[in-house]
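Letter by letter, the chains look like this.
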Amino acid sequence: MRLVGLTGGIASGKSTVSNLFKANGIPVVDADLVARDVLKKGTGGWKKVIGAFGEDILLPSGEVDRPKLGQIVFSDPAKRQLLNRLLASYISSGIFHDVLKLWLKGYEVIVLDIPLLFEAKMDRWTKPIIVVWVNQETQLQRLKARDKIPEEEAKNKINAQMPLDLKHDKAGIMIDNNGSLDDLNVQFQKVLLVVTRPLSWREFLLSRKGVSSILAIVGSVVLANRLMSAL
């Protein structure tokens with residue numbers, strides 16, 4: 001099994017690349033969706049967050065007001081780190097659960113779409129690692145236009161994440177998304193060839209097919225030994 005790391009920054013176009021993988025039949029585990037699930041009303045993550053931030057962040061329905069919580073943590077590094085610590089184990093477990101379900105279905109290549117891939121140290125489980133990169137000015141302008149927010153708020157959100165240039169240095173593959181959607185598609189097709197290349201022996205042995213092959217070989221050896229003993 002090959003776990004491909006996909007990361008980037010806010011408004012870098014990572015979600016667009018994630019959707020391109022899905023469109024090409026590659027399953028994606030989205031950490032943002034997992035985070036939404038672990039913060040649903042009544043969950044362990046929900047209880048911890050309410051205990052730390054108070055009921056003022058709740059909607060009338062009892063669900064967390066995510067935009068309000070976002071404003072709190074993006075403007076305060078200490079509270080942002082606290083939120084990450086509270087939810088880290090729940091998100092990691094959710095990602096593992098989703099990967100396991102896809103493994104059981106026989107998928108051999110799975111993309112992990114994780115904004116905090118390096119910060120959460122989950123890069124150790126993924127290879128190759130792809131970063132969707134844009135320059136700072138492009139990122140700022142796209143975020144302001146997308147979220148319809150003032151420049152200061154946009155900068156706070158960008159500065160709350162690891163700089164894209166640093167992620168670029170850590171990743172093995174970089175997709176430059178400063179250009180048009182057509183430019184992005186051209187780069188993606190090249191990346192897709194790398195991601196879907198034949199599995200190494202190690203990757204094959206970690207796949208469901210590989211595990212099944214090992215069990216079949218072990219079973220054959222055990223059966224042969226029993227037959228020999230009976231002679």
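In case you missed it, the structure is sitting above this.
Parameters at a glance
- Each chain carries its own residue numbering, running from 1 in the written order of its sequence.
- Where totals are concerned, whole chains, interfaces and linings use all residues; where local detail is concerned, this predicted model gives features only for residues with pLDDT of at least 70, and gives and counts side-chain atom pairs only at 80 or more.
- Hydrogens and water molecules were not included; the side-chain quantities draw on all heavy atoms of the structure.
- Each helix corresponds to a stretch of at least 4 residues labelled H or I by DSSP, and each strand to a stretch of at least 2 residues labelled E; elements are numbered beginning at the N terminus.
- Buried, partly exposed and exposed residues are distinguished by accessible area as a fraction of the type maximum, computed with a 1.4 Å probe on protein chains only: under 20%, between the cut-offs, and over 50%, respectively.
- Here, any two strands with at least 2 DSSP bridges between them count as paired.

1. A closer look at unusual backbone geometry
A cis amide bond, omega 0°, links K127 with the succeeding residue P128. With respect to the helices and strands, P128 occurs in the loop between β3 (109-113) and β4 (129-133). Not every positive phi belongs to a glycine, and A11 is a case in point at roughly 65°. As for its placement among the helices and strands, A11 is situated in the loop between β1 (2-8) and α1 (14-23). Relative accessible area serves as the criterion here: at 14%, A11 is assigned to the buried category. A positive phi angle is found at K148, which is not glycine, with a value near 55°. Among the structural elements, K148 can be located in the loop between α6 (136-147) and α7 (151-159). Judged by relative accessible area, K148 falls into the exposed class, the value being 72%.

2. Some details on the environment of D37
Within the secondary structure, D37 is located in helix α2 (residues 31-38). Overall, the relative accessible area of 43% leaves D37 in the partly exposed class.

3. Observations concerning the pairing of β1
Counting buried positions along β1 gives seven out of seven residues, so the element sits mostly inside the fold. Of the two faces of β1, the one holding R2, V4, L6 and G8 and the one holding L3, G5 and T7 are both buried throughout. By the bridge criterion, five bridges tie β1 to β3 in an arrangement that is parallel. Looking across to β3, one finds that V4 is bridged to V111. The pairing of β1 with β4 spans four bridges and is classified as parallel. Note on β4: the bridge partner recorded for G8 is V132.

No statement about biological role is implied by the geometric values presented.
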